[in-house]
Amino acid sequence: GAMGFLDHLDELRQRIIRACVALGVGMLVSFAFIARIADFVLGPTLAALPPGTSLITTRLGEGLSFYMDLALLGGIVLAAPSITYQLWRFIAPGLYARERRLVVPFVVLATLGTLLGAAFTHFVLFPSMVAFFGAFDSPRMRLMPRVEDTFGLYKNMLIGMVAVFQIPTLVYFLARLGLVAARLLWRYVGHAVLASFVISAVLTPSSDPWNQVLFAGPMIALYLVGIAVAWLVAPKPGHATPLPG
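In this text, all values refer to a predicted model and were calculated from it rather than measured experimentally.

Chemist: Just give me the short version of the packing of helix H6 (residues 147-164) against helix H10 (residues 209-233), but keep the residues and values in it.
Modeler: It is the contact of H6 with H10, at a shortest axis distance of 10 Å, that shows an interaxial angle of 20°. In this view, H6 runs roughly parallel relative to H10, as classed from their interaxial angle. At the point where H6 passes H10, the crossing takes the left-handed sense. From H6, Met157, Met161 and Val164 reach across to H10, where they touch Phe215, Pro218, Met219 and Leu222.

Structure, rendered in structure tokens:
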């Protein structure tokens with residue numbers, strides 16, 4: 001039956017509590033393997049630093065904050081299926097039948113985009129940027145990066161690239177609903193290229209062209225992939241279903 005406003009609020013509260021419990025359990029599991037997680041996260045960064053260079057802490061509690069952030073990150077990864085399920089259980093009753101059929105491919109594409117974006121940042125983008133900055137290490141200027149600054153930049157770039165790698169997923173969803181078309185996206189490809197380099201210049205902490213191309217390249221490539229996705233999943237003539245009014 002139909003639910004009232006207070007019923008929706010109570011349902012939302014229950015879903016949030018269950019998602020938080022799953023996140024807490026994920027963080028506890030991550031704490032049990034925190035040393036291995038730290039080695040994995042910092043491995044490519046340390047390998048890209050000049051020989052003999054290591055990350056340092058300059059204030060009390062910085063190391064603890066780093067491990068807490070790692071545990072939170074690991075908890076989010078471990079709890080992601082449960083959090084997604086709780087979100088789905090909350091919004092599913094308000095969806096039409098044809099919209100519910102889009103959930104499985106949407107979740108699969110979003111998960112794949114998240115994994116690819118995280119892997120690209122972890123193994124390619126961030127180590128390349130660290131190596132660029134490490135090239136300025138000399139007897140006159142010793143490079144001693146802080147853990148907090150380095151990991152903060154790593155997280156920001158990770159979140160940014162994960163969001164960028166969701167472009168095909170977003171286009172798939174909008175194209176299946178008939179809100180965008182491949183022809184429309186192709187018309188603005190020039191604007192997309194320009195916007196990609198502007199965003200890259202703003203988000204990339206270095207001004208060298210190589211790192212900006214590394215950041216802008218996936219955005220342009222994924223926009224083109226999105227055009228192909230929109231063309232493939234576009235409703236066929238005579239079979240388009242009108243959007244609900």
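Text resumes after the structure shown.
Chemist: Residues and numbers for the packing of aromatic side chains, please.
Modeler: Considering all chains together, one arrives at eight aromatic pairs under this definition. On the numbers, 5.4 Å between centres and 55° between planes, the contact of Phe66 with Tyr67 is tilted. By relative accessible area, which is 7% here, Phe66 ends up buried. Judged by relative accessible area, Tyr67 falls into the partly exposed class, the value being 36%. Taking the centre distance of 5.5 Å and the plane angle of 85° together, the rings of Phe132 and Phe136 count as edge-to-face. Classification of Phe132 by relative accessible area gives partly exposed; the value is 26%. Cluster of aromatic residues (ring-pair linked, three or more members): Phe66, Tyr67, Phe126, Phe151 and Tyr154.

Chemist: Give a detailed account of the pattern of salt bridges, specifying residues and quantitative values.
Modeler: Pairing between side chains of opposite charge can happen when their charged atoms approach one another. Summed over all chains, the structure comprises eight salt bridges. With a closest N to O distance of 2.7 Å, Asp10 and Arg13 form a salt bridge. With Asp10 and Arg13 both in helix H1 (residues 5-32) and three residues apart, this pair spans about one turn of that helix. Linking Arg146 and Asp149 is a salt bridge whose minimum nitrogen-to-oxygen distance equals 3.5 Å. Salt bridges here are not isolated pairs; linked through shared partners, they connect Arg59, Glu62, Arg146, Glu148 and Asp149.

Chemist: Pulling in residues and values, what's your account of the layout of surface pockets?
Modeler: Of the pockets and cavities examined, the largest pocket occupies roughly 1400 Å³. Broken down by secondary-structure element, the contributors of at least two residues to the lining of the largest pocket are helix H2 (34-48), helix H3 (62-91), helix H5 (103-134) and H6. If one sorts the elements of the lining of the largest pocket by residue count, H3 sits on top with 15 residues. In the lining of the largest pocket, the residues fall into 30 nonpolar, six polar and three charged.

Chemist: Just give me the short version of the nonpolar core, but keep the residues and values in it.
Modeler: Of all hydrophobic cores here, the largest spans 28 residues; its most connected members are Phe66, Leu70, Leu125 and Met161. Those elements giving two or more residues to this core turn out to be H2, H3, H5, H6 and H10. Here the element with the most residues in this core is H6; it accounts for seven residues. Residues in contact with Met161, not counting those within four places in the same chain, are Gly117, Phe120, Thr121, Leu125, Phe215 and Pro218.

Chemist: An account of the packing of H5 against helix H7 (residues 167-176) is needed here, citing residue identities and associated values.
Modeler: One way to put it is that H5 packs onto H7 with a least axis distance of 8 Å and a crossing angle of 165°. As summarised for this structure, H5 and H7 are arranged roughly antiparallel, according to the angle between their axes. Seen along the crossing, H5 lies across H7 with a hand that is right-handed. Here Pro105, Phe106, Leu109 and Ala110 of H5 lie close against H7, whose contacting residues are Thr169, Tyr172 and Phe173. In terms of residue class, the contact of H5 with H7 is made up of six nonpolar, one polar and no charged.

Chemist: Give a detailed account of a nonpolar patch on the surface, specifying residues and quantitative values.
Modeler: Together, Ile17, Val21, Val25, Val29, Phe33 and Leu78 line one region of the surface with nonpolar side chains, adding up to about 530 Å² of accessible area. Sort the elements by how many residues they give to the nonpolar patch and H1 lands first, with four residues. Along the chain, Val25 falls in helix H1. On the basis of relative accessible area, Val25 is assigned to the partly exposed category, the value being 48%.

The rules behind these values
Residues numbered from 1 in each chain as written. Predicted model: local features only at pLDDT ≥ 70, side-chain atom pairs only at ≥ 80, totals over all residues. Heavy atoms only, no water. Axes fitted to C-alpha atoms, helices over the stretch in contact; angles between N-to-C directions. Helix = DSSP H or I, 4+ residues; strand = E, 2+ residues; numbered from the N terminus. Parallel < 35°, antiparallel > 145°, perpendicular 65-115°, else oblique. Left-handed = near helix turned anticlockwise from the far one by under 90°. Contact = heavy atoms within 4.5 Å. Phe/Tyr/Trp six-rings, centres within 6.5 Å; stacked < 30°, edge-to-face > 60°. Buried < 20%, exposed > 50% of the residue type's maximum accessible area, 1.4 Å probe, protein only. Salt bridge = Lys/Arg side-chain N within 4 Å of Asp/Glu carboxyl O. 1 Å grid on protein atoms, 1.4 Å probe; cavity = no way out; pocket = protein on both sides within 12 Å on 5 of 7 lines; lining within 4 Å. Points joined across faces, edges and corners; volume = space filled by probe spheres on them. Nonpolar A, V, L, I, M, F, W, Y, C, P; charged D, E, K, R; others polar. Core = buried A, V, L, I, M, F, W, Y, C linked by side-chain atoms within 4.5 Å. Patch = residues over 30% accessible without salt bridge, like charges linked within 9 Å, V, L, I, M, F, W, Y side chains within 5 Å. Areas by Shrake-Rupley, 256 points an atom, 1.4 Å probe, with all protein chains shown as cover.

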